[in-house]
Amino acid sequence: MKIICIGRNYANHAKELNNPIPKEPLFFLKPDSSILPKRNPFYIPNFTNEVHFEVELILKICRLGKNINEKFADTYYNEIGLGIDFTARDIQDQCKKNGHPWEKAKAFDQSAVVSSLFIEKELLDLTKINFRLEKNNRVVQQGNSSDMLFNFNQLISYVSKYMTLKIGDLIFTGTPAGVGKVEIGDELVGYLENKKAFTTRIK
Ligand code: ZN
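Overview of the structure. (Residues numbered from 1 in each chain as written. Predicted model: local features only at pLDDT ≥ 70, side-chain atom pairs only at ≥ 80, totals over all residues. Heavy atoms only, no water.)

Right, let's get into the layout of surface pockets. Once rolled over the atoms, a probe with the size of a water molecule shows which space is left empty. Of the pockets and cavities examined, the largest pocket occupies roughly 190 Å³. If you list the elements that add at least two residues to the lining of the largest pocket, you get β7 (112-120) and β13 (195-201). Top element by residues in the lining of the largest pocket is β13. It accounts for four residues. Taken together, the residues of the lining of the largest pocket break down into six nonpolar, four polar and two charged. (1 Å grid on protein atoms, 1.4 Å probe; cavity = no way out; pocket = protein on both sides within 12 Å on 5 of 7 lines; lining within 4 Å. Points joined across faces, edges and corners; volume = space filled by probe spheres on them. Helix = DSSP H or I, 4+ residues; strand = E, 2+ residues; numbered from the N terminus. Nonpolar A, V, L, I, M, F, W, Y, C, P; charged D, E, K, R; others polar.)

Sheet topology places strand β12 (residues 187-192) next to β13; six bridges connect them, and they run antiparallel. In the strand pairing of β13, Leu188 is matched with Thr200. From the end of β12 to the start of β13, which pair antiparallel, there are two residues, and Glu193 there has a positive phi angle of about 50 degrees. (Pairing = 2+ DSSP bridges.)

One open sheet holds the six strands; their spatial order is β2-β1-β10-β4-β5-β7, and the pairing between them is mixed. Both edges of this open sheet fall to β2 (26-30) and β7, since each of them pairs with a single strand only. Between one strand and the next, the sheet's axes are offset by a mean angle of 30 degrees, whatever the strand orientation. When strand β1 (residues 3-7) meets β2, the two strands line up antiparallel, connected through five bridges. Bridge pairing in β2 places Gly7 opposite Leu26. (Axes fitted to C-alpha atoms, helices over the stretch in contact; angles between N-to-C directions.)

Another point: the side chain of Gln92. Mapped onto the fold, Gln92 is located in helix α2 (residues 89-98). Side-chain polar atoms of Gln92 contact the side chain of Arg89, separated by 2.9 Å. What Gln92 contacts, discounting residues up to four positions off in sequence, is Thr87, Trp102, Ala105 and Lys106. (Polar contact = N/O pair within 3.5 Å; in protein donor to acceptor, adjacent residues only side chain to side chain. Contact = heavy atoms within 4.5 Å.)

Below, the discussion takes up the state of the cysteines. One pass over the full model with this rule turns up zero disulfides. As a non-bridged cysteine, Cys62 has Cys5 as the owner of its nearest cysteine sulfur, 19 Å distant. With relative accessibility at 26%, the residue Cys62 sits in the partly exposed group. (Disulfide = S-S within 2.5 Å. Buried < 20%, exposed > 50% of the residue type's maximum accessible area, 1.4 Å probe, protein only.)

This part takes up the nonpolar core. Nonpolar side chains tend to gather and get buried jointly when the protein is soluble and globular. Judged by nonpolar contacts, the single largest core of 55 residues is most densely connected at Leu57, Phe86 and Ile156. Contact partners of Ile156, with chain neighbours within four places excluded, come to Leu59, Ile61, Ile68, Ala73, Tyr76, Tyr77, Leu165 and Ile171. (Core = buried A, V, L, I, M, F, W, Y, C linked by side-chain atoms within 4.5 Å.)

Taken as a whole and judged by the stated rule, the model has eight aromatic pairs. Arranged with centres 6.4 Å apart and planes meeting at 70 degrees, the rings of Tyr10 and Phe131 form a pair that is edge-to-face. Placement of the pair is Tyr10 in the loop between β1 and α1 (11-16) and Phe131 in strand β8 (residues 130-135), with a sequence separation of 121 residues. Residue Tyr10 shares its accessibility class with Phe131, and that shared class is buried. A centroid spacing of 6.1 Å and a plane angle of 55 degrees characterise the contact between Phe27 and Tyr162, whose relative ring orientation is tilted. A residue pair is termed long-range when its members are at least 10 positions apart, and Phe27 in strand β2 and Tyr162 in helix α4 (residues 152-162) qualify at 135 residues. An aromatic cluster of at least three residues, connected via ring pairs, comprises Phe27, Tyr158 and Tyr162. Over the ring of Phe118 we find Lys60, and its NZ or CZ is 4.3 Å from the ring centre. Its guanidinium or amino end placed over the ring of Tyr77, Lys121 lies 5.0 Å from that ring's centre, counting from NZ or CZ. (Phe/Tyr/Trp six-rings, centres within 6.5 Å; stacked < 30°, edge-to-face > 60°. Lys NZ or Arg CZ within 6 Å of the ring centre and 35° of its normal.)

Turning our eyes to something else, we now look at α4. For an α-helix, the turn length of 3.6 residues means that residues three or four places apart are oriented alike. Listed in full, the buried residues belonging to α4 are Phe152, Leu155, Ile156, Ser157, Tyr158, Val159 and Ser160. Taken together, the buried residues of α4 touch β1, β2, β4 (55-61), β5 (77-85) and β10 (170-172). For α4, the capping residue at the N-terminal end is Asn151, with a side-chain oxygen 3.1 Å from the backbone nitrogen of Asn153.

Here is the structure:
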């Protein structure tokens, strides 16, 4: 399986990092080796001094598809979860400056937190899904799917022009404002529609 991550899909987050608002979706990949095993803590890798959390809604792909029409895109995912796209921000800044790919900053081991909680999409109002991330019991990021620049169907249609979506693939749909650095000892808890979706300890 593969993980497709959407960048800059919330205007308030694009702004906080001084990035332009994209005119079409921007995406990159994380390999399956980036998934943090459930219940494992996240160990800050030694190649970075600045790992940021980015909480994101996740779509689970349930059907093989390529060149998917936006009108039918909603039949290609069945469940929504929550995760963290851990980012080595210092490395990413270097990559951006040099015009290099982002993999070192985005695709490293343990960089993808995937919730054990996934909710069937029929049970949600997809246009206004609430989610948040708490760090040490304080809310640091708060998001709503209504604030996405490109909605789920647009993202699926766009990505499938370039690569075939397979059953079990995940799409991280971008992060709202409030990203920040993690420190040893932090505890990150994600909530999807007020239900606890994951707990990640930083070591
Ligand atoms: Zn992200």
